[in-house]
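# Summary of structural features
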Amino acid sequence: DVPPSNPNNVGVDWGGWFNFAYFNFEDNQDHTKQEERYDLYLWGSATLAQAHDVYARMRFSYLDFQGGGPEGRSDDWQGPYVDRLFYEFNLRKATLRKDKRSLPYNVFTKVGRQYVEFGTGLALSLPMDAVIVGGELGGVEVTGLLGKTIESMSNIDQSPWVQPRSNRCFYG
């Protein structure tokens, strides 16, 4: 690890992007339905002393239904919706910045609404409100998770006897 050379100790970045999607399908009564979806994403991040990171991302959406929406829905604005918002700290980066030396161990944490993925993502891979705490020593890393799914998201279990909205807790 090489110590960063930014004398201000602060970095700020921001941006955004626009998505458009078009769906054309027939319902179970042979009526043609069309949906246009417009999404605007705005994001910003700030880094302090190369060790403290804050990231925020919001989404604004507009759904335009032609021929009537599902279950009688009409055109709809959705948002603003906080898609991601988290704080992250890394002790090794902080020490590297302050003392110009790399620690043989590390302690890190990430708190807030974030995308969580464990392993290759087969066991867990979804956005949630979570606290992740971990450490590393001698090439061995241990990570702990305490998280809750975002209730406004569709449930990962689509079985008919399960609630349509997600309300699950993860820990370990």
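Each value, and the rule that gives it
Residues numbered from 1 in each chain as written. Predicted model: local features only at pLDDT ≥ 70, side-chain atom pairs only at ≥ 80, totals over all residues. Heavy atoms only, no water. Helix = DSSP H or I, 4+ residues; strand = E, 2+ residues; numbered from the N terminus. Buried < 20%, exposed > 50% of the residue type's maximum accessible area, 1.4 Å probe, protein only. Lys, Arg positive; Asp, Glu negative; His and termini not counted. Salt bridge = Lys/Arg side-chain N within 4 Å of Asp/Glu carboxyl O. Polar contact = N/O pair within 3.5 Å; in protein donor to acceptor, adjacent residues only side chain to side chain. Pairing = 2+ DSSP bridges. Contact = heavy atoms within 4.5 Å.

### Side note on the side chain of D53
Structurally, the position occupied by D53 is in strand β3 (residues 52-66). Buried charge D53 goes without a salt bridge, the closest partner of opposite sign being K93 at 4.6 Å. A polar contact of 2.7 Å, which involves the side chain of D53, links it to the side chain of T47.

### A few points about the pairing of strand β5 (residues 105-118)
Pairing between strand β4 (residues 76-90) and β5: six bridges, direction antiparallel. Across the sheet, F86 pairs through a bridge with G112, a residue of β5. As paired elements, β5 and strand β6 (residues 124-137) share 14 bridges and run antiparallel to each other. Bridged to F108 within β6 is G134. Connecting β5 to the next strand, β6, in antiparallel fashion are five residues, including G119 with a positive phi near 60 degrees.

### Focus: helix α1 (residues 91-99)
Along α1, the residues classified as buried are R92, A94, T95, L96 and R97. The inward-facing, buried residues of α1 contact β4, β5 and β6. One or two steps after α1, the chain reaches K100, where phi turns positive at roughly 60 degrees.

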